[in-house]
Amino acid sequence: MKTNGQQLSPLVEPNRPYRLTGKVAIITGAANGIGRAMATLFSQERACIVVADIDQPNGQAAVEEIKRLGTSAIYVETDIAKPSDAQRMVEATMNHFGRLDILVNNASVGLNRPFLDTTLEDWQHTLDIGLTGTFLCAQAAARCMVQQKFGAIINIASISGQRGAQGRTAYGVAKAGVIQLTKVMAVELAALGVRVNAISPGPVDTNQSRSTHTSATRQSYHERIPLGRYGDRDEIAAAALFLASDEARFIHGHILNVDGGYHAAGLMFEDRVADHAELGPSTIAESGLSMHKPEKANCSTKARKRVVS
Ligand SMILES: NC(=O)c1ccc[n+]([C@@H]2O[C@H](COP(=O)([O-])OP(=O)(O)OC[C@H]3O[C@@H](n4cnc5c(N)ncnc54)[C@H](O)[C@@H]3O)[C@@H](O)[C@H]2O)c1
């Protein structure tokens, strides 16, 4: 993987045992973006995958890709906001594979709209999919998992559910709800054998962020994220793999920020590019702002001072 012009080591080391052998995972929203990366990574770790999505062409394409990797997969057309679809998604999984080990509640829709302009329709649509859809799929899966007395559920939240950000009225509230839902589920389902956690990604380059992030959004993220870049969808998938695997068997009710330090950040006034002068000019030229370079990238100390919050 190449990020910020730096060659990073593989996220998954070769020549070690597969981490999800024999497990069956439903991934909602797996036709595209982060969910697709999760489906690929989980299948490389030998899980059988249920691609649950409204996007039939890309959902089928994801299934074909997984099959080429040598594992089993099915596509179940699912609108997560519909109770009957959430139920059918779990039934189809049990009918085909006979068990359900992992649910990644990943599907949602983004929205960038100021509070004063957010309509009731915006609000309802975003919460119906982002929060109610997560609840419906989690409940349908958990009812099945508690009968088995095992299972892991990973809800995909967002840093927008933790920090106040412009334009994130409906989306941020949906994701804040996902975080609280995760904690309540964790408390209630622990004794029944189901582990529940959430991932809170920072910005990642996908269809969703491309449609909702303006150049001002991108510049603001680049300035405020200590690691100085957007995340890669494989980096979110790697976190989901960890939480889904037995390595995380004592991790429960946790909200894992995968955000380059955005949530932790406070005062930041040093010039990040100057700090890394030892990387050399060619790497610096490619670094940080290059992945999603805003029209007028400004990494100066002056700019850094301006964004201190
Ligand atoms: N991309 C980012 O910057 C970012 C940041 C933080 C959190 N997230 C979260 O990560 C998750 C994945 O986002 P992404 O960026 O990959 O988005 P994406 O738009 O690339 O993919 C979302 C997938 O969900 C599917 N989907 C949408 N509505 C659906 C519905 N009603 N039923 C079933 N499937 C539906 C879409 O068809 C698509 O395949 C989302 O929960 C998103 O909110 C993304």
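Thresholds, definitions, all that
Residues numbered from 1 in each chain as written. Predicted model: local features only at pLDDT ≥ 70, side-chain atom pairs only at ≥ 80, totals over all residues. Near = placed C-beta within 6 Å. Helix = DSSP H or I, 4+ residues; strand = E, 2+ residues; numbered from the N terminus. Nonpolar A, V, L, I, M, F, W, Y, C, P; charged D, E, K, R; others polar. Axes fitted to C-alpha atoms, helices over the stretch in contact; angles between N-to-C directions. Parallel < 35°, antiparallel > 145°, perpendicular 65-115°, else oblique. Left-handed = near helix turned anticlockwise from the far one by under 90°. Contact = placed C-beta atoms within 7 Å. Pairing = 2+ DSSP bridges. Core = buried A, V, L, I, M, F, W, Y, C linked by C-beta atoms within 7 Å. Buried ≥ 20, exposed ≤ 12 C-beta atoms within 10 Å, placed from the backbone.

Student: Sorry if this is basic, but what is going on with the site of the ligand here?
Tutor: In the neighbourhood of the ligand, 30 residues make up the surrounding shell, with Gly 29, Gly 33, Ser 108, Thr 206 and Gln 208 lying closest. Among the elements of the structure, helix 1 (33-44), helix 4 (120-148) and helix 6 (207-212) are those that each provide at least two residues to the shell around the ligand. Of the residues that constitute the shell around the ligand, the class distribution is twelve nonpolar, 15 polar and three charged.

Student: Hey, could you run me through the packing of helix 4 against helix 5 (residues 169-189) in this one?
Tutor: When two helices pack together, their arrangement is given by the angle between the helix axes and by the axis-to-axis distance. Look at helix 4 against helix 5: their axes get within 9 Å of each other, and the N-to-C directions meet at 15°. Classified by the angle their axes make, helix 4 and helix 5 are roughly parallel. Helix 4 and helix 5 meet at a crossing whose hand is right-handed. Residues Asp 122, Trp 123, Thr 126, Leu 127, Gly 130, Leu 131, Thr 134, Phe 135, Ala 138, Ala 142 and Val 146 of helix 4 form the contact with helix 5, whose participating residues are Ala 170, Tyr 171, Val 173, Ala 174, Lys 175, Gly 177, Val 178, Leu 181, Met 185 and Leu 189.

Student: Quick question: what am I supposed to make of the sheet that holds strand 6 (residues 102-105) here?
Tutor: Strand pairing in a sheet relies on backbone hydrogen bonds. The paired strands run either parallel or antiparallel. As summarised here, the arrangement of the seven strands in space is 5-4-3-6-7-8-9, forming an open sheet in which the pairing is parallel. The strands lining the two open edges of the sheet, one partner per strand, are strand 5 (73-77) and strand 9 (255-258). Across the sheet, the axes of successive neighbouring strands diverge by a mean angle of 20°, strand direction being ignored. Pairing analysis gives four bridges linking strand 8 (residues 194-201) to strand 9, with the strands arranged parallel. Following the sheet pairing, Pro 201 is matched in strand 9 by Val 258.

Student: In this structure, what is going on with the nonpolar core? I would like to understand it.
Tutor: Across soluble globular proteins, nonpolar side chains show a tendency to be buried alongside one another. By size, the foremost hydrophobic cluster in this structure holds 74 residues, and its most contacted members are Ala 25, Met 38, Ile 49, Val 51, Ala 141 and Ala 240. Considering every element that reaches this core, the biggest residue donor is helix 4, with nine residues.

Scope: geometric values only; no functional claims are made or implied.
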